[in-house]
Structure formats: structure tokens, C-alpha cells
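Listed below are the residues making up each chain.
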Amino acid sequence: MVGVGPSKGWEHIVVRSVPRLASGEIESLPVSREIAGRIAGRFRTAILVDVAPSRRGYVLRRVGVGMTLRHDGRDVVVTTDSLDRLGIALGPVPRLVLAGAERELERAHLMARTRTFAIYTTPGVIRIDGRHLKIWLRYAVLVEPADGSLRTCVWWVTAEESSREPVREWVLMPRALVRDCALDVAAKRVLGRVPVSWSFAMLALPDGRPLPVPEALRDAAARDLPDPVEAAAFEHGLRRALDGVTPPVASSSTR
């Protein structure tokens, strides 16, 4: 169960995103606005972290992401294969939505890792200057060795590597954020008239405190850091940048 606390074996919920159709061509969807909104809001994405004590303080063991489904008043981690076992009945359209989300989440991966730090990156789409842009969302998770608490910064880079620019700003997120993820809908049409497919883009990054990225980290934040030395250097720079900065308190909670 995710809705009332971490799932078994996972110590922290980094963020739980609750989608909401907010703007764009919602009326072009193949189901009514009410049904589309209900389907979108039923599926949530949760990023979780497993932290454990060691002889040298708390360490980061795992980072994971899963699709959750609102069922009987709680969020349950589901896959298309687990629905029947969990006794959850879904119609054909919600099943297609879940299957599509699973395919996207399979592309998520760790792009940097140390004993007390990781950057977890997931695919997404954001609305920028009126158009939908494919991106990677990057979550940098820092574990405090003394007490196992977390601080998480998030930013985005374009999916197309050749068009990436240095990252100049990231957002320090509240702990265990429940995110109201407002979405914009865009339809792809045949002959300019008949909608045949749809894109769903977030309107903004998760809530939090925008902070400037130190100049020494701007280029590194835009690329993968598989080398352990590079990952450790980025962690050191991130800790210095956040020295004395406490995560903000979430302004509201979405159920």
C-alpha cells in the first residue's frame, strides 16, 4: 500500500504523482471528459527509496518506480499482469492506459549512483512555449548518513541529446510529496481534422523551492554520469549547494 505510507521494504516515498487533465484538447479524446478525467486520476506514479543503516551510517540501497491504482480507498502497486491476482477489474481503455504507462516506466533508470546518492531518470513530456516536448525527468536523491533522511532535487533535460543545454535551475522538493500533476492534452490529426492519437504533457515540474544550479554542475546535470568518480563529484557538489537548505513543506495534499 502506498497511499498511507511506504510499501513494505521501502523506507521513503519520494513523490507520488496524481494526474489531472487540466487544459488542451480534452474534448477530442475518444471518451467523455468525465470518464477521461476519472481514468487519468485513477493511475498514479510513485517513486520510492529503500534506505538502510550500515557501519558507516545510513546508505541508499534501492530506488524504484511503480504504477499505482486507486482501489478501495488506497493506492496499490499494480501491473497489467497482477490485476487479476489482486482482484481488480479494469475495462479495455484503462488497461491500455496502464500498459502504455508500463512501457514508458521500463525506460526509467539510474544514471548515477554512490552509497548515499542517486540520480533516477524517467521519461516524460512537458508543455513548453505551447508545444509538447519529450524530456527526461531527473531526480537527484541524497541520503543523510546520520539519520537516513532524504533531500531530493528534480530537473528536466530534453530527450534529444543534441539539443540539450546546461541545466541552470532545479527544484528542491518537499519530502514525501503528493503531486497534483496537471496535464495538457494535444491531439494528432489526420488531414488536420480527425484525431488519431494524443499526447499528455505536464505543465510544470513538481512543487518545491527553485534553486540555481552551481555553475560547476550545470553541464554534468545534462548528461549521464555512469563513472563512479563523476557520480561522487556530483554528489559532493550537490551537498555543498544544499548545505543548510531544508526541504520545503508541501503546501497541500492530493488524494
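Residues numbered from 1 in each chain as written. Predicted model: local features only at pLDDT ≥ 70, side-chain atom pairs only at ≥ 80, totals over all residues. Heavy atoms only, no water.

Thoughts on the pattern of salt bridges
At step 1: Within this structure, the stated rule accounts for 14 salt bridges.
At step 2: Glu34 is paired through a salt bridge with Arg38; the nearest N and O atoms lie 3.6 Å apart. With Glu34 and Arg38 both in helix 1 (residues 33-42) and 4 residues apart, this pair spans about one turn of that helix.
At step 3: Within the structure, one salt-bridge network assembled from shared partners comprises Glu144, Arg151, Glu235 and Arg239. (Salt bridge = Lys/Arg side-chain N within 4 Å of Asp/Glu carboxyl O. Helix = DSSP H or I, 4+ residues; strand = E, 2+ residues; numbered from the N terminus.)

Focus: unusual backbone geometry
At step 1: One non-glycine residue, Asp129, adopts positive backbone phi at about 50°.
At step 2: Looking at the element boundaries, Asp129 is found in the loop between strand 6 (117-128) and strand 7 (131-143).
At step 3: One non-glycine residue, Ala176, lies in the positive phi region at around 50°.
At step 4: Looking at the secondary structure, you find Ala176 in the loop between strand 9 (169-172) and strand 10 (177-190).

Brief notes about the nonpolar core
Grouped burial of nonpolar side chains is what soluble globular proteins tend to show.
At step 1: Core analysis: the largest hydrophobic core is formed by 31 residues, its most contacted members being Leu21 and Val49.
At step 2: Of all the secondary structure elements, the ones that give two or more residues to this core are strand 1 (12-24), helix 1, strand 2 (43-52), strand 3 (59-71), strand 6, strand 7, strand 8 (150-158) and strand 10.
At step 3: Per element, the largest residue contribution to this core is 6 residues, and it comes from strand 7.
At step 4: Leaving out residues up to four positions away in the same chain, Val49 has contacts with Trp10, Glu11, His12, Val14, Leu60, Arg62, Val63, Val141 and Leu150.
At step 5: Counting 24 residues, the second largest nonpolar core, distinct from the first, contains Leu142, Trp170, Val213 and Ala221. (Core = buried A, V, L, I, M, F, W, Y, C linked by side-chain atoms within 4.5 Å. Buried < 20%, exposed > 50% of the residue type's maximum accessible area, 1.4 Å probe, protein only. Contact = heavy atoms within 4.5 Å.)

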